[in-house]
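As a plain string of letters, each chain reads:
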Amino acid sequence: MTPELKAGIERKFRTLNSGLFHTLPGTTFSNIFQRGEYDSSKYACISLDELERALVLFLVDIYAEKQHRGLHGVPARRWEQATAKYFTPRLPPNQNELAILLGRVDWRALHPYGIEFECLRYNAADLGELRVRLKGEKVKLKYHPGDLSRIFVFDPFEKCYHEVPALDQEYTQGLSFWKHRLIRRMAAQEADQVDLAALGRARRKIQEMVDRARTRKKTSTRSKVARWDGKSPSPPRSTPGSVSSNSHSPQRSDLNLPSASAETEIYDFDYNLPPSRREE
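Residues numbered from 1 in each chain as written. Predicted model: local features only at pLDDT ≥ 70, side-chain atom pairs only at ≥ 80, totals over all residues. Heavy atoms only, no water.

## Here we look at unusual backbone geometry
Selection criterion: The secondary structure listing takes helices from DSSP runs of H or I that are at least 4 residues long and strands from runs of E that are at least 2 residues long, numbered from the N terminus. Here the term buried applies to any residue with accessible area under 20% of the maximum for its type, exposed to any over 50%, and partly exposed to those in between, with areas from a 1.4 Å probe on protein chains only.
Backbone geometry places F29, a non-glycine residue, at a positive phi of 60°. As for its placement among the helices and strands, F29 is situated in the loop between helix 1 (6-19) and helix 2 (32-35). Taking the relative accessible area as the measure of exposure, F29 reaches 12% and is therefore buried. The backbone of C119 sits at a positive phi, close to 65°, despite the residue not being glycine. Tracing the sequence through the fold places C119 in the loop between strand 2 (115-117) and strand 3 (120-122).

Structure follows, in structure tokens:
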């Protein structure tokens with residue numbers, strides 16, 4: 001990111017904070033002076049999954065429908081006018097492409113049994129030929145931290161990504177990066193070497209602990225339960241159902257997303273803040 005874009009990014013954060021985040025119950029506000037005597041921990045009740053859904057609603061149904069000083073109009077109407085005349089947005093051709101573009105990057109070696117990532121094994125038919133051509137070099141992969149049931153492996157020769165499923169689909173379905181690391185820590189207490197059976201036992205034990213903790217009122221316990229229960233959203237798959245172990249057609253991506261204007265309105269909404277904070 002170039003330095004001249006910093007102001008626009010900071011301005012966008014300010015819009016999100018004032019228009020949404022600082023209006024939700026449990027906000028910490030921008031500083032201790034704004035927070036005052038407000039007990040953020042006491043009122044915190046929104047999971048990450050719910051927060052992301054609220055963010056989408058805010059951007060699409062509120063921000064885009066309000067007067068914008070920089071655009072001298074309503075963003076949604078300007079978008080409609082532009083797309084009706086001359087502007088054609090370059091979007092990912094499918095949902096897998098979006099998952100690849102937004103994925104986190106890592107590098108791993110290719111073995112005869114596939115790829116080992118975070119003590120999980122992934123394999124697909126496409127990897128055999130790629131391993132021979134790489135001659136021992138590590139391969140670039142992308143993954144979504146909210147869904148460890150699959151990764152995307154980059155083929156530098158074909159310039160495309162291959163979707164590679166985890167071998168243990170039962171364990172990895174709905175498994176986030178954070179949950180997996182928590183389970184691994186508990187499993188390590190049972191055995192010197194992590195194995196899938198130990199991971200499964202640890203996951204069941206944690207779920208039992210979460211179920212018991214639901215009845216407690218301690219704030220720290222409640223926040224951890226919310227994080228465990230909150231489904232980390234992942235980009236939807238292009239085909240329903242579990243990932244197949246069969247090879248997938250290569251996916252390609254080549255797009256330039258349009259930049260957003262920095263100027264925007266400040267909103268005065270509140271979403272269930274205690275009365276003592278709404279008037280400030």
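Now, onward.
## What about the pattern of salt bridges?
Where charged atoms from two side chains of opposite charge approach closely, those side chains can pair. Note the threshold: Salt bridges are counted wherever a side-chain nitrogen of Lys or Arg sits within 4 Å of a carboxyl oxygen of Asp or Glu.
Considering all chains together, one arrives at 11 salt bridges under this definition. Notably, a salt bridge pairs E80 with R77, separated by 3.0 Å at the nearest N-O pair. Here E80 pairs with R77, and both are found in helix 5 (residues 75-85), just 3 residues apart, close to one helical turn. Given the relative accessible area of 42%, E80 is considered partly exposed. Between R150 and E163 there is a salt bridge whose closest N-O contact spans 3.5 Å. Of this pair, R150 sits in strand 5 (residues 147-155) while E163 is found in strand 6 (residues 160-165), placing the two residues 13 residues apart along the sequence. The same class applies to R150 and to E163, which are both buried.

## A closer look at the sheet that holds strand 5
Strand pairs in the sheet, formed through backbone hydrogen bonds, run parallel or antiparallel to each other. The cut-off we apply is this: Each pair of strands is called paired provided DSSP finds at least two bridges between the two strands. Think of each axis as a best-fit line through the C-alpha atoms, taken over the contacting stretch in the case of a helix, with angles from 0 to 180 degrees between the N-to-C directions. Between two residues, a contact is recorded if the distance between any of their heavy atoms is within 4.5 Å.
Taken together, the 4 strands give an open sheet; going across it, the order is 1-4-5-6, and neighbouring strands pair in antiparallel fashion. Edge positions in the sheet fall to strand 1 (104-108) and strand 6, since each has one partner strand and no second. In this sheet, adjacent strand axes meet at a mean angle of 35° when their direction is disregarded. Across the sheet, helix 7 (residues 126-134) touches strand 4 (139-144), strand 5 and strand 6, and the angle it forms with strand 5 is around 45°.

## Side note on the environment of L59
Tracing the backbone through its elements, the reader meets L59 in helix 4 (residues 48-62). Accessibility expressed as a relative area gives 34% for L59, which makes it partly exposed. A sequence separation of 43 residues divides L59 from L16, and the C-alpha atoms of the two residues are 8.8 Å apart. For L59, the residues in contact, after removing those within four places along its chain, are L16 and A64.

## A look at the packing of helix 1 against helix 4
Note the threshold: By the definition adopted for this analysis, an angle is roughly parallel if under 35 degrees, roughly antiparallel if over 145, roughly perpendicular if from 65 to 115, and oblique otherwise. Amino acid classes used here: Ala, Val, Leu, Ile, Met, Phe, Trp, Tyr, Cys and Pro are nonpolar; Asp, Glu, Lys and Arg are charged; the rest, including Gly, are polar.
Two elements in contact, helix 1 and helix 4, have axes separated by 11 Å at closest approach and are oriented at 105°. Put simply, helix 1 runs roughly perpendicular to helix 4. Taken together, the residues of helix 4 that come into contact with helix 1 (itself represented by T15, L16 and G19) are L55, F58 and L59. Of the residues in the contact of helix 1 with helix 4, the class split is 4 nonpolar, 2 polar and no charged.

## Description of the confidence of the model for the protein chain
Condition: The predictor attaches a confidence to each residue, called pLDDT, with possible values from 0 through 100.
Residue-level pLDDT values for the protein chain average 78, and 72% of them are 70 or greater. Counting contacts from residues 238-280, a segment whose pLDDT is below 50, to residues more than four positions away or on other chains yields 97 contacts.

## Some details on the pairing of strand 5
Among the 9 residues of strand 5, 8 are classified as buried, and the element is accordingly described as predominantly covered. Strand direction decides the pairing type here: strand 4 and strand 5, joined by 3 bridges, are antiparallel. Bridge pairing in strand 5 places K142 opposite F152. Two strands pair when backbone bridges link them, and strand 5 and strand 6 are joined in this way by 6 bridges, in the antiparallel orientation. Residue F154 lies in a different strand from strand 6, and its bridge partner there is Y161.

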